[in-house]
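Residue-level structural notes
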Amino acid sequence: MTTSSVASLRPSPTMAVYGLACVLLYLIPAIVFLVPTSLVSAELASGWSGGVYNWVARGISKPLGFLAVWCQFAMTIFYYPSLLGYVAGTLAYVIDPSLAGNGVWTAAVIVVAYWSGVWISSRGTKGVAGLPAAA
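Structural notes, computed from the coordinates. Because the structure is a prediction, the values reported are computed rather than measured. (Residues numbered from 1 in each chain as written. Predicted model: local features only at pLDDT ≥ 70, side-chain atom pairs only at ≥ 80, totals over all residues. Heavy atoms only, no water.)

1. Quick look at helix α4 (residues 52-59)
Buried within α4 are the following residues: W55, V56 and A57. Summarising the contacts, the buried residues of α4 are in contact with α3 (23-47) and α5 (62-95). (Buried < 20%, exposed > 50% of the residue type's maximum accessible area, 1.4 Å probe, protein only. Helix = DSSP H or I, 4+ residues; strand = E, 2+ residues; numbered from the N terminus. Contact = heavy atoms within 4.5 Å.)

Structure (structure tokens):
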């Protein structure tokens, strides 16, 4: 989900004009943001138990640990439904273009995709590890 936040699907139609040169526009966020973030997370996970709250609370302070977790929550609540709305509209053109303006279709895709992600994540690392690499 973080990857979709950084290298979003939304500009894909616009970037298609550039052809293979747009691959660079996906590699830059991966190199500048995702690789360092994954290395920091791996280092913190290998040294301390818990998650983001515990790492920030121990390293800086408990109020900033709360802020770090709240920022993750806010990103999830506000960003992902809008991204999934875009995905629902795009998927509608694959199935039936008249669905693109249908609010029930959009809501159904958002709810199903969001709760599928929650269910997969709730299964722990075994559930996430079973996902295909391209997903």
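Okay, back to it.
2. Details of the nonpolar core
A88, A92, L99, W105 and V109 together form the largest nonpolar core, which totals five residues. The contact partners of A88, leaving out residues within four places of it in the chain, are W105, T106 and V109. (Core = buried A, V, L, I, M, F, W, Y, C linked by side-chain atoms within 4.5 Å.)

3. Focus: the packing of α4 against α5
Contact geometry of α4 with α5 gives a least axis separation of 7 Å together with a crossing angle of 150°. When the axes of α4 and α5 are compared, the pair comes out roughly antiparallel. α5 is crossed by α4, and the crossing has right-handed handedness. Of the residues in α5, those touching α4 at V52, Y53, V56 and A57 are K62, L64, G65, F66, A68, V69 and Q72. The residue inventory of the contact of α4 with α5, partitioned by class, reads eight nonpolar, two polar and one charged. (Axes fitted to C-alpha atoms, helices over the stretch in contact; angles between N-to-C directions. Parallel < 35°, antiparallel > 145°, perpendicular 65-115°, else oblique. Left-handed = near helix turned anticlockwise from the far one by under 90°. Nonpolar A, V, L, I, M, F, W, Y, C, P; charged D, E, K, R; others polar.)

4. Considering helix α6 (residues 103-122)
For α6, spanning 20 residues, the distance from its first C-alpha to its last is 28 Å, which sits close to the expected 28 Å at 1.5 Å a residue. Every buried residue belonging to α6 is among W105, T106, V109, I110, Y114 and G117, and all of these are buried. The arc that holds every buried residue of α6, seen down its axis, measures 145°, which confines them to one face. Turned more than 90 degrees from where α6 packs its buried face, V104, V112, W115, W119 and S122 sit exposed. Of the surrounding elements, those touching the buried residues of α6 are α5. The N-terminus of α6 is capped by N102, whose side-chain oxygen sits 2.9 Å from the backbone nitrogen of V104. Count one or two residues on from α6 and you reach G124, which has phi positive near 90°. (Expected span 1.5 Å × (residues − 1). Arc of directions from axis to C-beta. Polar contact = N/O pair within 3.5 Å; in protein donor to acceptor, adjacent residues only side chain to side chain.)

5. A short note on the packing of aromatic side chains
Summed over all chains, the structure comprises one aromatic pair. Pairing Y114 with W115 gives two aromatic rings, centres 6.0 Å apart and planes at 85°, and the pair type is edge-to-face. Y114 gets classed as buried once you look at its relative accessible area, which sits at 18%. (Phe/Tyr/Trp six-rings, centres within 6.5 Å; stacked < 30°, edge-to-face > 60°.)

Honestly, that's just the spatial picture; any functional story needs more than this.
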